[in-house]
Every structure is written in C-alpha cells, then in structure tokens.
Amino acid sequence: MKIAIVVYDRINLVSLAEIWSLLSNLQTKHDVKICAFKSEIVDEHGLRIVPQIYGESLYGYDAIIIPDGLGVLSLRHDEIFLSWIRSAGRARLKIALDLGALIFGGAGFLEGRGACLRAGYKNAIGEYAKFVNANMCEDNDIITICELNSVTKDRLAEILI
C-alpha cells in the first residue's frame with residue numbers, strides 16, 4: 001500500500017511520531033512517504049522538518065494520513081492548500097488524527113459524514129460533518145481518530161494490513 005503522511009506548518013510532532021511508529025511496526029510493510037505542500041515545514045514548537053516529497057500531487061496514494069496540529073485551524077480555510085489535499089480524492093483511505101479531520105472537512109471530504117475529534121472543537125467539525133463522540137469514527141473511506149490509544153492503534157493496524 002502506498003501511504004502519504006501529510007505534514008504542514010504547526011503540526012504536532014508527537015502525533016506524527018505516533019503514526020510513523022505504528023506504520024513502522026506493522027507486519028505488512030508499506031511504501032510510506034512524508035509529503036508536504038512546501039519544501040520546509042515548522043512544527044508547533046519551531047522544529048524544522050524537510051519532507052521527502054513536496055509540492056507534488058497526492059494522486060495515486062492508496063491512503064493519506066493527516067496528523068494532529070494547530071496549523072489546521074488556518075489551513076482548513078486555505079483554498080490553495082485544500083486544492084492540493086483534494087488531489088488525494090481517490091485515495092482508498094483518508095485517515096485524520098484529531099484536528100487533522102478539519103483539513104478533510106475543508107477539502108469537502110466530510111460532507112454528509114460523521115467525524116470525531118476532541119470535544120473542544122465540536123463546533124468546528126460541525127461546519128463539515130456530524131460530530132461523533134467516540135475515540136475513532138469509521139465512515140466508509142474516512143477514518144477520524146481523536147485519541148490514538150491501544151484500542152484505536154489496534155483497529156487502525158487491522159485496517160492497514
């Protein structure tokens with residue numbers, strides 16, 4: 001499976017590390033790439049990240065994963081960035097960790113769907129989807145996860161195998 005992990009300015013590095021660790025420890029090895037719209041990303045605390053791939057279409061990936069981060073609060077309104085995200089429209093799986101769901105919402109992927117994220121942002125997700133009060137929500141090709149715990153990690157691993 002070809003997987004794109006999308007990184008962006010003000011990403012939560014812990015969220016990125018957790019999903020990278022999960023993917024690295026799967027029994028089935030996947031072709032995982034760190035992708036960004038820009039050539040350099042700065043996390044929530046100022047750490048610079050150089051993505052493997054930047055500025056290229058996300059078309060052709062089987063799965064796209066968007067980690068948590070405060071940067072989504074502005075990116076969900078950035079039409080240029082969202083147009084880039086829409087290039088992953090045919091991905092078989094679209095996975096968002098916590099606030100990452102707002103990117104899928106801004107891109108139009110959550111229309112008529114359910115999604116979960118931390119309760120403090122219930123109104124924000126309500127602009128795009130029905131808020132689901134759960135740690136994980138699977139709605140066809142969209143998976144949103146507000147808490148990456150052992151149960152949600154196990155379920156996500158099952159899906160990705």
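Use the structure listed above.
Reference entry: report on the structure contained in this document. (Residues numbered from 1 in each chain as written. Predicted model: local features only at pLDDT ≥ 70, side-chain atom pairs only at ≥ 80, totals over all residues. Heavy atoms only, no water.)

### Some details on the sheet that holds strand β7 (residues 93–97)
- The mixed open sheet is built from 7 strands, whose spatial order is β5-β2-β1-β6-β7-β11-β10. A single partner strand is all that each edge strand has here, and the edge strands are β5 (53–54) and β10 (136–139).
- Of the strand pairs in this sheet, strand β2 (residues 31–36) and β5 are connected by 2 bridges, and their pairing is parallel. Bridge pairing in β5 links C35 to I53.
- Across the sheet, helix α3 (residues 79–86) is in contact with β1 (2–6), β2 and β6 (63–66); its angle to β1 comes to roughly 165 degrees.
- Strands in contact with helix α6 (residues 150–160) are β1, β7, β10 and β11 (142–145); relative to β10, the strand with the most contacts, it is inclined by about 25 degrees. (Pairing = 2+ DSSP bridges. Helix = DSSP H or I, 4+ residues; strand = E, 2+ residues; numbered from the N terminus. Contact = heavy atoms within 4.5 Å. Axes fitted to C-alpha atoms, helices over the stretch in contact; angles between N-to-C directions.)

### A look at the nonpolar core
- One finds V6, L23, L58, F81, I85 and L160 to be the most contacted residues of the largest nonpolar core, which totals 61 residues.
- Once residues lying within four places of it in the same chain are set aside, the contact partners of L58 are A4, V6, C35, I64, W84, I85, S87 and A88. (Core = buried A, V, L, I, M, F, W, Y, C linked by side-chain atoms within 4.5 Å. Buried < 20%, exposed > 50% of the residue type's maximum accessible area, 1.4 Å probe, protein only.)

### Things to note about the pairing of β7
- The element β7 is extensively covered by neighbouring structure, given that 5 of its 5 residues are classed as buried.
- Of the two faces of β7, the one lined by L93, I95 and L97 and the one lined by K94 and A96 are each fully buried.
- Two elements, β6 and β7, share 4 bridges in a ladder whose sense is parallel. Across the sheet, residue I65 finds its bridge partner in β7, namely I95.
- As judged from the 4 bridges shared by β7 and β11, these two strands associate in the parallel manner. Along β11, the bridge assignment pairs K94 with I142.

### Some details on the state of the cysteines
- A complete count under the given rule lists 0 disulfides for this structure.
- Considering cysteine sulfurs only, C116 is the nearest to C146, which forms no disulfide, with 4.3 Å between them.
- When its relative accessible area of 23% is taken as the criterion, C146 is described as partly exposed. (Disulfide = S-S within 2.5 Å.)

### A short note on the pattern of salt bridges
- The final tally for this structure, using the stated rule, is 11 salt bridges.
- With its nearest N and O atoms 3.5 Å apart, the salt bridge here joins E127 to R76. Pair noted here: E127 is in the loop between α5 (122–126) and β9 (130–131) and R76 is in the loop between α2 (72–75) and α3, with a separation of 51 residues, a long-range link.
- For R76, a relative accessible area of 13% corresponds to the buried category. (Salt bridge = Lys/Arg side-chain N within 4 Å of Asp/Glu carboxyl O.)

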